[in-house]
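Structure at a glance
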Amino acid sequence: MSVEAVLSRISEIRSQIDTLRGGTATAAPTASATSGAAGSSAFADALATADGTTGAASAAGATAAASPTGTRAPATSVDAGAGTLATGSGATGADVVADAKKYLGVPYVFGGETTAGMDCSGLVQTVFKDLGVTMPRVVPDQAKMGVEVGSLKDAQPGDLIIPKGEGHVVIYVGDGKVLHAPRPGKDVRIVDNWYSDADIATIRRIVPAQAAPAAVASAARSATDLQTAALLSMMQSGSAA
């Protein structure tokens, strides 16, 4: 295999990995699909060499990952989305609470988004922006983001509580308390949560409640290292040829 062919194959494999990580699949012409399948097989063989497993087992794993019915890893993103956690920034619920507390005492100003004044949804958007997470501006849109939490008993610090009517939003800080920008004449403050489950339209978790365990992070790094080793193996094989 020539160096040019190896580089082309690497490009194809990287494209497939990006597609799988993004959770989307794009239809391609038959020739491209055949080339992609061959690239996956070659990558599986190289990966098997890197991690010491059999080529057949690795190829089967690659085929399952490429299959439309295979389980795909959730995409990491810094943009809030419906039905998914924004994990790309590394922020957790505790970070949301810590950042929101910086704005305690800021006066309520309708439409405000700065320390000169902010409203409830402006506060929420600003807090997540500080943490590198993009959020919509108004409550009805914010109420669609993240994953839904079943009830108050399951709420974790950093979750958003939106009452029925979606006219307000508060940040749950734990221990039955919430942080919010109430109304004109008031400032950003922490108070006892006055909502019951019957009052709530939805509770949304935008970022993970806690950081990923060290073991999970280590496994992710190991997987990346194996991918790199496999690509290098392919390049070396191509150079030898």
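Not measured: the values here are computed from a predicted model.

A short note on the overall build of the chain
Summing up its helical and strand segments, the chain has 7 helices and 8 strands in all. Put simply, the chain has 241 residues, and 35% of those count as buried. Contacts spanning at least 24 positions in sequence make up 63% of the contacts within the chain whose residues lie at least 6 apart. Working note: accessible area of the chain is about 12,600 Å², and carbon and sulfur atoms make up 57% of it.

Side note on the sheet that holds strand β8 (residues 200–205)
To summarise the sheet geometry, strands pair through backbone hydrogen bonds and adopt either a parallel or an antiparallel arrangement. Taken together, 6 strands build an open sheet; the order of strands is β3-β8-β4-β5-β6-β7 and the sheet is antiparallel. Edge positions in the sheet fall to β3 (147–148) and β7 (189–192), since each of these pairs with one other strand and no more. Here 4 bridges tie strand β6 (residues 177–180) to β7, and the two strands are oriented antiparallel to one another. Note on β7: the bridge partner recorded for His180 is Arg189.

With respect to the packing of aromatic side chains
Taken as a whole and assessed by the stated rule, the structure comprises 1 aromatic pair. Their ring planes at 35 degrees and their centres at 4.5 Å tell us that Trp194 and Tyr195 sit as a pair that is tilted. Since its relative accessible area comes to 43%, Trp194 is described here as partly exposed.

Criteria and thresholds
- Residues numbered from 1 in each chain as written.
- Predicted model: local features only at pLDDT ≥ 70, side-chain atom pairs only at ≥ 80, totals over all residues.
- Heavy atoms only, no water.
- Helix = DSSP H or I, 4+ residues; strand = E, 2+ residues; numbered from the N terminus.
- Buried < 20%, exposed > 50% of the residue type's maximum accessible area, 1.4 Å probe, protein only.
- Contact = heavy atoms within 4.5 Å.
- Areas by Shrake-Rupley, 256 points an atom, 1.4 Å probe, with all protein chains shown as cover.
- Pairing = 2+ DSSP bridges.
- Phe/Tyr/Trp six-rings, centres within 6.5 Å; stacked < 30°, edge-to-face > 60°.

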